[in-house]
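Here are the chains, one letter per residue:
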Protein chains: 6
Amino acid sequence: MKKSLEAGIGKSALQLVLANSHELEETKSRVSEAGFTYCIGKTGSMDMQKVVSAIETAAKRQHIIDEKLYREMHALYHAILEALEGVTRGQVLLGDVLRTVGLRFSVVRGMPYENEAEGEWIAVALYGTIGAPIRGLEHETTGLGINHI
Amino acid sequence: MKKSLEAGIGKSALQLVLANSHELEETKSRVSEAGFTYCIGKTGSMDMQKVVSAIETAAKRQHIIDEKLYREMHALYHAILEALEGVTRGQVLLGDVLRTVGLRFSVVRGMPYENEAEGEWIAVALYGTIGAPIRGLEHETTGLGINHI
Amino acid sequence: MKKSLEAGIGKSALQLVLANSHELEETKSRVSEAGFTYCIGKTGSMDMQKVVSAIETAAKRQHIIDEKLYREMHALYHAILEALEGVTRGQVLLGDVLRTVGLRFSVVRGMPYENEAEGEWIAVALYGTIGAPIRGLEHETTGLGINHI
Amino acid sequence: MKKSLEAGIGKSALQLVLANSHELEETKSRVSEAGFTYCIGKTGSMDMQKVVSAIETAAKRQHIIDEKLYREMHALYHAILEALEGVTRGQVLLGDVLRTVGLRFSVVRGMPYENEAEGEWIAVALYGTIGAPIRGLEHETTGLGINHI
Amino acid sequence: MKKSLEAGIGKSALQLVLANSHELEETKSRVSEAGFTYCIGKTGSMDMQKVVSAIETAAKRQHIIDEKLYREMHALYHAILEALEGVTRGQVLLGDVLRTVGLRFSVVRGMPYENEAEGEWIAVALYGTIGAPIRGLEHETTGLGINHI
Amino acid sequence: MKKSLEAGIGKSALQLVLANSHELEETKSRVSEAGFTYCIGKTGSMDMQKVVSAIETAAKRQHIIDEKLYREMHALYHAILEALEGVTRGQVLLGDVLRTVGLRFSVVRGMPYENEAEGEWIAVALYGTIGAPIRGLEHETTGLGINHI
Ligand SMILES: [Mg+2]
Ligand SMILES: [Mg+2]
Ligand SMILES: [Mg+2]
Ligand SMILES: [Mg+2]
Ligand SMILES: [Mg+2]
Ligand SMILES: [Mg+2]
């Protein structure tokens, strides 16, 4: 069975990217108290590859995942791709269709289910703006990917 | 130029679906104070059509959009479809691929840009669970669609 | 080398579905003079299967393709699917996402290239409306699929 | 309610890209008489970004849309993307899958519905060829995107 | 590092669905000797849900996965969806676009990497025919999905 | 009617890419005896265009298809794209989403149906690995595309 959605791993990841600056510390504490490890960061580009790379690099450097284990990298990679589906809503393309993103990202790892045998899962949340490569011609966008690890 | 992301229309919509029960009233107040109108609701189904219908019906009944104007219905419809891309992450299918959703939804309408000429926009946020049609075999999912109205 | 685009097989198919009633006879004559055979028809449904079926049935009944040859059915089928991508623009879904179509269709067959060795090709054109299952809440849509036969 | 499809905004956009040279002036007159403003142009590339850019630039330069208003740019952008779905039929990719396009485009703006409250809409039509980057190894392709503005 | 591709988990899954009847016992032995557990079966339908269900049911009944653990079901589910992408090649739809499949499937579980820390993975392979719901109007199709478990 | 699946054109193409080195000659003989012509090769890249190009070039150089006939190139091209859907499982992207492939490919041509009027068909099979651009962080992948020629 699942723990309460009140402290879900996905909700935690989303709250980390949605938190305004004065809310961030409190949000971090709550996520830590729920037993999750996490990293957060920012990335902006017309090049999707750089977005994927920024998230992978942060998760590796901050030891959210073990970069020597492919199963962990594979879990993270598919969670990133799923989050990008939410950000791009149809075709996972940025510069190729003349748009750019400015995103905050979070990667959260932990045990979201009461049954310990369900083991660890990973959530990737993205929030920011997507639009033309001209300041202000953009609207908000978000995405969430979740995977077992 | 855009208003601060602190009170973005997309963030408002996301906060309405992410709010835990004791946070909901405060969230609603904040969204109203930002000048947005909104409705919230719940829907769960293996049938995508019912999910689309539930959101459209709520937005019409609660007068977030004017159902007699196609341009408003069209704006809402594409925002719903974009949000569903985030929920389904690849193929906008539920029962056809043997999965079901239980979602909270919000529809938020208002003027998110400082320049009044940008007029009104609409945001549709979804948050909940997606998974097999067996209780507990599910994980969180989210989606956000934004459109000018 | 290709014949002039002035009398392309795709343009012919599109003109057959775009022609207003007083233009239709002239359009038909032009398409026949270009050496193409064709059929036209109408179909409307929330059920994509019925749309595919209506086009296949018309093309078989009017002997545009030989229904006993799979290679001809296969050529037609993929041309229909490609045309439906243009009509649905992202996810080839109708009723599942609560929308319906009212379409005119044409299937055109012939030799569009000067080099006779290029043989026969088939074009499927669709034009009509797509929208909510409520009269008037709809806009125009089109699609074109082309395949060698 | 919708005006007759005889003078639909989508049909107008399609006719502008389908018109042979001797038909173009008459087509332009008809579109103007229907109360629409429009621009037309040509673009060819293996790089999708250049296709999007060519259409956006033409629409801005010829004042079909107001480039300072994001809501207008947003309406145009999604109409372009929808038209590209019809052109690419599955994956919105050109050079990445070793194909190129040579396209005529039109952008048409105006009020396609009898009810004035429906306001302005925009249509983007594309017609031309898609194929290998070798002259003659190509077939026709089309796409139509429509949006409220 | 990966074990030789000669005995890859994906190749094993593919060989199980490709084996002709007189080759099947030998193929099964080879897969078992490579240390993998597996199940095989057949499914045919215009209804994608039945295809997904048949594979899930076989994998549960034959104890390839533990149906009480969501992480195992989740791993299997995404591997099935990935395999279906190969079978459908573009839109994960069957009856909705008037086509049907007749498929052999295999689900293989085991440790495909030399590094034991990589743990268990799952492969789902599909092979059979796809086409119109008329005997003989069909061609072959295949798909492979792989996931960590 | 179809020939036995035992010697299907798709199965032949798959067996050519799956064969271990000591099995390759026997597989080639079997495919030739079934009356098919074929070519095989290897390609690896983060750039999808190079993958498409490698397959097209091999098929042209080894005279599996006649590069001067667009209908043959068109048949091959769509078969390649369909095979790539199986390899990429959702979005036909490699480097853009920070992944790379190492693939064996085969292109097989011949008459797979008993009825000679069904004429020639083409099958493209791909098998290899997909993953991060780091050695070992990869899993197997496959794809099959079939088209009439
Ligand atoms: Mg999942
Ligand atoms: Mg947008
Ligand atoms: Mg083509
Ligand atoms: Mg629309
Ligand atoms: Mg994978
Ligand atoms: Mg086919």
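Our structure is the block above this text.
For clarity, every value in this text was computed on a predicted model and none was experimentally measured.

S.K.: For this particular structure, what's the right way to read the coordination of the magnesium ion (ligand 6)?
M.R.: Each donor-metal-donor angle in an ideal tetrahedron of four donors is 109.5 degrees, and each such angle in an ideal octahedron of six donors is either 90 or 180 degrees. Those donors, His 74 of chain C (NE2), His 78 of chain C (NE2) and His 139 of chain E (NE2), are the protein atoms that reach the magnesium ion (ligand 6), and they lie 2.1 to 2.2 Å from it. Here the residue His 74 of chain C and the residue His 78 of chain C both occupy positions in helix α4 (residues 70–88), the gap between them amounting to four residues, near one helical turn. In this structure, His 74 of chain C and His 78 of chain C share a single accessibility class: buried.

S.K.: Looking at this structure, I do not really get the arrangement of the chains. What am I missing?
M.R.: Taking C-alpha atoms only, the smallest gap left between chain A and chain C, which are not in contact, amounts to 6 Å. Here chain B and chain F are not in contact; the least distance found between their C-alpha atoms is 6 Å.

S.K.: Got a minute to help me understand the side chain of His 148 of chain B in this structure?
M.R.: Tracing the chain through its elements places His 148 of chain B in strand β4 (residues 138–148). Since its relative accessible area comes to 0%, His 148 of chain B is described here as buried. Here Asn 147 of chain B takes part through its side chain, which lies 3.2 Å from a polar atom of the side chain of His 148 of chain B. Reaching out from His 148 of chain B, the side chain makes a polar contact with the side chain of His 74 of chain D at a distance of 2.9 Å. With residues near it in sequence (within four places) discarded, His 148 of chain B still touches Ala 75, Glu 120 and Trp 121 of chain B together with Arg 71, His 74, Ala 75, Asn 147, His 148 and Ile 149 of chain D.

S.K.: Honestly, the interface of chain A and chain B in this entry has me stumped. Any pointers?
M.R.: How large an interface is tends to be reported as the accessible area lost when its parts come together. Contact residues are listed per partner, giving 30 residues for chain A and 30 residues for chain B. Run the count over chain A and chain B and you get two salt bridges. Here chain A and chain B share 14 residue pairs in polar contact (both at pLDDT 80 or more) between them. When residues of the side of chain A that touches chain B are traced back to their parent elements, those giving at least two are α1 (9–18), α2 (21–33), α4 (70–88), β3 (121–131) and β4 (138–148) of chain A. With eight residues, β4 of chain A is the largest single contributor of residues to the side of chain A that touches chain B. Here the side of chain A that touches chain B is built from residues that sort into nine nonpolar, 13 polar and eight charged.

S.K.: What am I meant to see in the pairing of strand β2 (residues 100–110) of chain D here?
M.R.: Here is the key point about a regular strand: its side chains alternate between the two faces of the sheet. All names here are of chain D. By the criterion of burial, β2 is predominantly enclosed, with nine of the 11 residues buried. Taken together, the nine bridges between strand β1 (residues 37–45) and β2 define a ladder with antiparallel strand orientation. Following the sheet pairing, Gly 41 is matched in β2 by Phe 105. Alignment of β2 against strand β3 (residues 121–131), held across 11 bridges, turns out to be antiparallel. Paired with Gly 110 across the two strands is Trp 121, which belongs to β3.

S.K.: Where do I start with the environment of Gly 41 of chain B in this structure?
M.R.: Residues and elements named next belong to chain B. Along the chain, Gly 41 falls in strand β1 (residues 37–45). Separated by 11 residues in the primary sequence, Gly 41 and Val 52 have C-alpha atoms spaced 12 Å apart. Residues in contact with Gly 41, not counting those within four places in the same chain, are Leu 103, Arg 104 and Phe 105.

S.K.: Which parts of the structure should I look at to understand helix α3 (residues 48–61) of chain F?
M.R.: Each turn of an α-helix holds 3.6 residues, which means side chains three or four residues apart point in the same direction. All names here are of chain F. Taking 1.5 Å per residue, 14 residues should reach 20 Å; α3 reaches 20 Å between its end C-alpha atoms and fits that length. Among the structural elements, β1 (37–45), α4 (70–88), β2 (100–110) and β3 (121–131) are those in contact with the buried residues of α3. Where α3 begins, one side-chain oxygen reaches toward the backbone nitrogen of Gln 49, 3.0 Å away; that side chain belongs to Asp 47. At the exit of α3 stands His 63, carrying a positive phi of roughly 60°.

S.K.: Help me understand the packing of aromatic side chains, please; the structure alone is not making it clear to me.
M.R.: What characterises a pair of aromatic rings is the spacing of the ring centres plus the angle enclosed by the ring planes. Within this structure, the stated rule accounts for 18 aromatic pairs over all chains. Each ring, one from Tyr 70 of chain A and one from Tyr 113 of chain E, has its centre 5.9 Å from the other, and the planes form 70°; the classification is edge-to-face. Here Tyr 70 of chain A, found in helix α4, pairs with Tyr 113 of chain E, found in the loop between β2 (100–110) and β3 (121–131), and the two come from separate chains. By relative accessible area, which is 4% here, Tyr 113 of chain E ends up buried. Aromatic side chains Tyr 113 of chain A and Trp 121 of chain A sit 5.2 Å apart centroid to centroid with 55° between the ring planes, which places their arrangement in the tilted category. Exposure class is identical for Tyr 113 of chain A and Trp 121 of chain A. Each is buried. What links up through ring pairs into an aromatic cluster is the set Tyr 70 of chain A together with Tyr 113 and Trp 121 of chain E.

S.K.: Help me understand the coordination of the magnesium ion (ligand 3) in this model?
M.R.: Around the magnesium ion (ligand 3), the donor atoms from the protein are His 139 of chain D (NE2), His 74 of chain F (NE2) and His 78 of chain F (NE2), and they sit 2.1 to 2.2 Å away. Taken as a pair, His 139 of chain D in strand β4 (residues 138–148) and His 74 of chain F in helix α4 lie in two separate chains rather than in one. When sorted by exposure, His 139 of chain D lands in the same class as His 74 of chain F, which is buried.

S.K.: Whenever I open this one, the sheet that holds strand β2 (residues 100–110) of chain C confuses me. Can you help?
M.R.: Strand-to-strand pairing in sheets goes through backbone hydrogen bonds, with the strands running parallel or antiparallel. An order of β1-β2-β3-β4 (chain C) is seen for the four strands of this open sheet, with the pairing classed as antiparallel. Each having just a single partner strand, β1 (37–45) and β4 (138–148) of chain C make up the two edges of the open sheet. Neighbour-to-neighbour, the strand axes of the sheet open up by a mean angle of 15°, direction not taken into account. Across 11 bridges, strand β3 (residues 121–131) of chain C lies against β4 of chain C in antiparallel orientation. Bridge pairing in β4 of chain C links Gly 131 of chain C to Glu 138 of chain C. Contacting β3 and β4 of chain C, helix α1 (residues 9–18) of chain D runs over the sheet at an angle of about 35° to β4 of chain C.

S.K.: Looking at this structure, I do not really get the sheet that holds strand β4 (residues 138–148) of chain F. What am I missing?
M.R.: Strand order in the open sheet made by the four strands is β1-β2-β3-β4 (chain F), with antiparallel pairing throughout. Only two strands of the sheet have a single neighbouring strand rather than two, namely β1 and β4 of chain F. For this sheet the average axis-to-axis angle between neighbouring strands, irrespective of direction, equals 15°. The strands touched by α4 of chain A within the sheet are β3 and β4 of chain F, with β4 of chain F carrying the most contacts at an inclination of about 50°. This element, α4 of chain F, spans β2, β3 and β4 of chain F of the sheet and lies at about 150° to β4 of chain F.

Rules used throughout
- Residues numbered from 1 in each chain as written.
- Chains lettered and ligands numbered in written order.
- Predicted model: local features only at pLDDT ≥ 70, side-chain atom pairs only at ≥ 80, totals over all residues.
- Heavy atoms only, no water.
- Donors = N, O, S within 2.8 Å, 3.2 Å for Na, K, Ca; no water.
- Helix = DSSP H or I, 4+ residues; strand = E, 2+ residues; numbered from the N terminus.
- Buried < 20%, exposed > 50% of the residue type's maximum accessible area, 1.4 Å probe, protein only.
- Contact = heavy atoms within 4.5 Å.
- Polar contact = N/O pair within 3.5 Å; in protein donor to acceptor, adjacent residues only side chain to side chain.
- Salt bridge = Lys/Arg side-chain N within 4 Å of Asp/Glu carboxyl O.
- Nonpolar A, V, L, I, M, F, W, Y, C, P; charged D, E, K, R; others polar.
- Pairing = 2+ DSSP bridges.
- Expected span 1.5 Å × (residues − 1).
- Phe/Tyr/Trp six-rings, centres within 6.5 Å; stacked < 30°, edge-to-face > 60°.
- Axes fitted to C-alpha atoms, helices over the stretch in contact; angles between N-to-C directions.

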